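Below, each chain spelled out in residue letters.
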Amino acid sequence: MNKRRLGAGGPEVSAIGLGCMGMSEFYGAADESESIAVVHRALELGVDFLDTADMYGRGHNEELVGRAIAGRRDRVVLATKFGIVRGDDPAARSVDGRPEYVRKACDASLRRLGVDHVDLYYMHRRDTRVPVEETVGAMAELVAAGKVGHLGLSEVSAETLRRAHAVHPIAALQSEYSLFTRGIEEEILPVARELGIALVAYSPISRGLLGGTLPPAEQLPDDDFRRHLPRFTGESGARNEELVAEVRKLAGEVGCTPAQLALAWLLTRGEDVVPIPGTKRLRYLEENAAAAGITLTAAQIAALESAVPSGAVRGDRYADMSSVEK
């Protein structure tokens, strides 16, 4: 597995990481024993960059990851996030970026993970009621205390990224980035590169859509949140399936799966881009990890971008985009 660096002074990580969210929530039922086996197999394959958050499963995901890496902590670059707050209502969300909450959230994450520090700590969403300088200032205190190695932000604007980086170096920006989601290329990614900040691409297979094997949204399990995402439903879903068919065709010509083609394309976007496809299944983990060994020619890249030009996908990423900075 090739390595890439997060930021100018950040850690080296595997060129493809592992998103752990679906092991606890959002994508239907999961099997904890298989999820732990996925983490162990990832480390065997050299996939050492693990991504979780305190809101995934309302703490369950951090506990699960903690159990999976017990006795293996020195082999893992561990990332988690704070800021999205959930209560008793599963659908309710709020955002908290107050310094006192940052400190409290970090200590709670460390307890659930069973570790004394995390390598990368993200602000999951920006709290618009709190100046980002105050939130990042509190995060910087965690670095000084040895509880956090490096800082990251998720789904923020170019302006917020600049303001945060002026307070403390930001190693990584995590944003959705894929063949189907390329809006960050216009302003956000150039600013990240100007500041020496790596781009950690979540949902690089567009929540499985680019995998080419998903059934229609209405056939997904009731507890799979993709049933309600604009890109998966109605006329948008039908149009996007036509784009997926083009990806499937090109993948056949390259000799890989559509998911592997989507990941290989992302890896061509720059050495500072690290995709973190999520999975709870061993077969998908191995498929995703193998994408790091695929080299696309200039002609193949051009054909793919012609078949799926920027902006071609229909529908918003979420039903409610209000918490995502542009």
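Residues numbered from 1 in each chain as written. Predicted model: local features only at pLDDT ≥ 70, side-chain atom pairs only at ≥ 80, totals over all residues. Heavy atoms only, no water.

The protein chain is annotated in an unreviewed UniProt entry as Aldo/keto reductase from Planomonospora corallina.

Help me out: how do you make sense of the overall build of the protein chain in this one?
Helix and strand content of the protein chain: 10 helices and 12 strands. Taking 326 residues into account, the globule formula puts the C-alpha radius of gyration at 20 Å, and the protein chain, at 19 Å, falls close to it. The principal-axis extent of the C-alpha atoms belonging to the protein chain is close to 50 × 40 × 40 Å. Among the 326 residues that make up the protein chain, the fraction classed as buried is 56%. Residue pairs at least 24 apart in sequence account for 76% of intrachain contacts in the protein chain once pairs closer than 6 positions are excluded. When the accessible surface of the protein chain is totalled, it reaches about 13,300 Å², and 49% of it is carbon and sulfur. For the protein chain, the separation between the mean place of its 39 positive charges and that of its 47 negative charges on side chains is 1 Å. (Helix = DSSP H or I, 4+ residues; strand = E, 2+ residues; numbered from the N terminus. Rg over C-alpha atoms; globule rule 2.2 N^0.38 Å. Buried < 20%, exposed > 50% of the residue type's maximum accessible area, 1.4 Å probe, protein only. Contact = heavy atoms within 4.5 Å. Areas by Shrake-Rupley, 256 points an atom, 1.4 Å probe, with all protein chains shown as cover. Lys, Arg positive; Asp, Glu negative; His and termini not counted. Charge placed at Lys NZ, Arg CZ, Asp CG, Glu CD.)

Would you mind showing me how to read the pattern of salt bridges here?
Any two side chains of opposite charge can pair, so long as their charged atoms come close to each other. Overall, the coordinates contain 23 salt bridges when judged by the stated rule. One salt bridge connects Arg73 with Asp119, and the closest N-O pair in it is separated by 3.0 Å. Placement of the pair is Arg73 in the loop between α2 (60-69) and β5 (77-82) and Asp119 in strand β8 (residues 118-123), with a sequence separation of 46 residues. Neither residue differs from the other here; Arg73 and Asp119 are each classed as buried. Taken together, the salt bridges that share partners define one network made up of Arg182, Glu185, Arg269 and Glu305. (Salt bridge = Lys/Arg side-chain N within 4 Å of Asp/Glu carboxyl O.)

I'm lost on helix α3 (residues 99-113) in this one. Help?
Residues three or four positions apart in an α-helix share a direction because the helix packs 3.6 residues into each turn. If you check α3, its first and last C-alpha atoms are 21 Å apart, about what 15 residues at 1.5 Å a residue would give, namely 21 Å. Buried within α3 we find Tyr101, Val102, Ala105, Cys106, Ala108, Ser109, Leu110 and Leu113. For α3, the elements touching its buried residues are α2, β5, β6 (84-85), β8, α4 (132-144) and β9 (148-154). Residue Gly114 follows α3 closely and has a positive phi angle near 70°. (Expected span 1.5 Å × (residues − 1).)

Would you mind going over the nonpolar core with me for this structure?
Taken as a class, soluble globular proteins show a tendency for nonpolar side chains to be buried jointly. Within the largest apolar cluster, 82 residues are counted, with the highest numbers of intra-cluster contacts made by Leu18, Leu153, Leu161, Tyr177 and Phe180. Residue contacts for Phe180: discarding those within four places in its chain leaves Ser206, Leu209, Leu210, Arg231, Asn240, Leu243, Val244, Val308 and Val313. The next biggest cluster of nonpolar side chains, apart from the first, holds 14 residues, and it includes Phe49, Val77, Ala171 and Ile276. (Core = buried A, V, L, I, M, F, W, Y, C linked by side-chain atoms within 4.5 Å.)

Would you mind showing me how to read the environment of Leu173 here?
Secondary-structure assignment places Leu173 in strand β10 (residues 170-176). Between the alpha carbons of Leu173 and Leu153 there is a distance of 5.0 Å; along the sequence they are 20 residues apart. Setting aside chain neighbours within four positions, we find Leu173 in contact with Leu153, Ser154, Glu155, Val156, Leu161, Ile188, Ile197, Ala198, Leu199 and Val200.

Before we go on, may I ask you to explain helix α9 (residues 282-290) in this structure?
Those residues of α9 that sit buried are Leu285, Glu287, Asn288 and Ala289. Contact partners of the buried residues in α9: β3 (18-19), α1 (32-44) and α8 (258-267).

Explanation requested: the packing of aromatic side chains in the structure shown.
Any pair of aromatic rings gets described here by the distance separating the centres and the angle formed by the planes. Summed over all chains, the structure comprises two aromatic pairs. Looking at Arg283, its charged tip hangs above the ring of Tyr284, at a distance of 4.5 Å from the centre. (Phe/Tyr/Trp six-rings, centres within 6.5 Å; stacked < 30°, edge-to-face > 60°. Lys NZ or Arg CZ within 6 Å of the ring centre and 35° of its normal.)

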